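# Coordinate analysis (summary)
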Amino acid sequence: MPGLSKSLTHRFALAAVALTMAGGAIVFTEPSPFDVLGLGLLMLLPAIGLVRTTPLMLLYTSAMLVPVACAFFAVLAAIDPKRALVHTLVSLFLVLVSLLLTAFVQASPARHARLIMQGTVAAALIAASAGLVGYLGLFPGAADIFTLYGRASGTFKDPNVFGAFLVMPAVYLMHVMRQARGLKAIVALAGFGVLSVAILLSFSRGAWFALAFASALYAYLSFVTAETSGARVRLAFGVVAIAVAGALLITIALQFDAVADLLTHRATLTQSYDEGPDGRFGGQVKARALILAHPFGLGAQQFDTYYHLEEAHNVYLSMFMNAGWLGGLVFGLLIGGTVIAGARHALTRGPTQGLFLVAYAAFVAHALEGFIIDLDHWRHFHVLMALSWGLMLAEYATVPMPQLARIRNARALRPMHAAHIAS
């Protein structure tokens, strides 16, 4: 009976994690279902032992909390401390959920990472379907609910966040297509098509870039780490097929005037609102000057209210303003460190390598997209951090043991060696 009870409890917890990830589809309101369910996970998963911590995990946790601690200190300098405090409290919550998911993935890397990804795919399909329904106006009022400024936004408030959210699930479905056969591969292909069309109709330049870059990086890393030449050939054919399908999709989309006009407009590198002292680039110039003048930061959410018309549209600049020089530097080092450590880990074969390539490719795309948008409060960005580090730390916790044994043996032999030389 105790074993049965534990099994049922664990199954309930796994279902709760999947539901939390699926709840990431609904971002109309604050707090979102992801937030409410995530708060429950913070209490549930540690209580039943579905997390694992290691010394490296504790080091990573400390690094993640430094920018948040600095942001709390910067609240003291804020013109509107209440607004800065609320923003920073949300940052703390997202970091805690991310750390929880990191420990959750470490507990059972393959199973738990796949569960998170599958839950996110379900959320993505819900959000993407809503976006397509809204863009096509399949029922009265659908466009008002699921689009913004003629762009598909689905169940999100911002088309840019909507498009970016769909990237990792799309890459995961590419991974499924690569691994599966028959009906499962066909279903994955259909899901990938739905997400790709939704990303296209979000008219988000960042999301377009993120999907293209993440897909290309996943394909490249999969190709160079494939175990057989046959696997490489199948992957190459798959990439060509997806590229041809993408070109065909864009060609069809361009046949519709409304899509073609907005697509042509959004495809330019700069928009009218990017230029001038009050534009995006002008705001970034102001942000750099403010960063140099305020080593302890301005406090979160102050720049777009008191110094410029909008946010800096650069998460790295924003973190320096939100959390000062120390917080901004540590945040940048965390992102850069994840990219560098992940690049090395991506080339290491193992049972979770394919899943890691999905998370890592999407993460790197988001890290680059961070130069043109603020993503520190994107829930799925924190999930990508959790997946990337959870899978890496799980491997670090198991692989080095033989190396550790060799080091211990070498240390044991050193006194004997020294005595031999002395004699």
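About the thresholds
Residues numbered from 1 in each chain as written. Predicted model: local features only at pLDDT ≥ 70, side-chain atom pairs only at ≥ 80, totals over all residues. Heavy atoms only, no water. Helix = DSSP H or I, 4+ residues; strand = E, 2+ residues; numbered from the N terminus. Buried < 20%, exposed > 50% of the residue type's maximum accessible area, 1.4 Å probe, protein only. Contact = heavy atoms within 4.5 Å. Salt bridge = Lys/Arg side-chain N within 4 Å of Asp/Glu carboxyl O.

## Description of unusual backbone geometry
For the bond from E30 to P31, the omega torsion is -5 degrees, close enough to zero to count as cis. Unlike most non-glycine residues, F203 shows phi in positive territory, near 50 degrees. On the secondary structure map, F203 appears in the loop between α9 (183-202) and α10 (205-225). The backbone of H313 shows a phi angle near 55 degrees, a positive value even though the residue is not glycine. Examined against the element boundaries, H313 turns out to sit in the loop between α14 (303-307) and α15 (315-346).

## With respect to the environment of M21
Here M21 is to be found in helix α1 (residues 2-23). With a relative accessible area of 3%, M21 lands in the buried category. Considered as a pair, M21 and F34 are 13 residues apart in the sequence and their alpha carbons are 6.7 Å apart. With sequence-adjacent residues up to four places away left out, M21 is seen in contact with F34, L101, I116, G119, T120, A123 and V383.

## Brief notes about the pattern of salt bridges
Enumeration according to the criterion identifies four salt bridges in this entry. In this structure, K157 and E30 form a salt bridge, with 3.4 Å as the shortest nitrogen-oxygen distance. You can see K157 sitting in the loop between β2 (151-152) and α7 (159-165) and its partner E30 sitting in the loop between α1 and α2 (33-48), a full 127 residues away along the chain. Classification of K157 as partly exposed rests on a relative accessible area of 48%. Between R379 and D35 there is a salt bridge, with the nearest N and O atoms lying 2.9 Å from each other. Here D35 lies in helix α2 and R379 lies in helix α17 (residues 379-398), a separation of 344 residues in the sequence. The same class applies to R379 and to D35, which are both buried. Shared partners join several salt bridges into a network, and the residues in it are E30, D35, K157 and R379.

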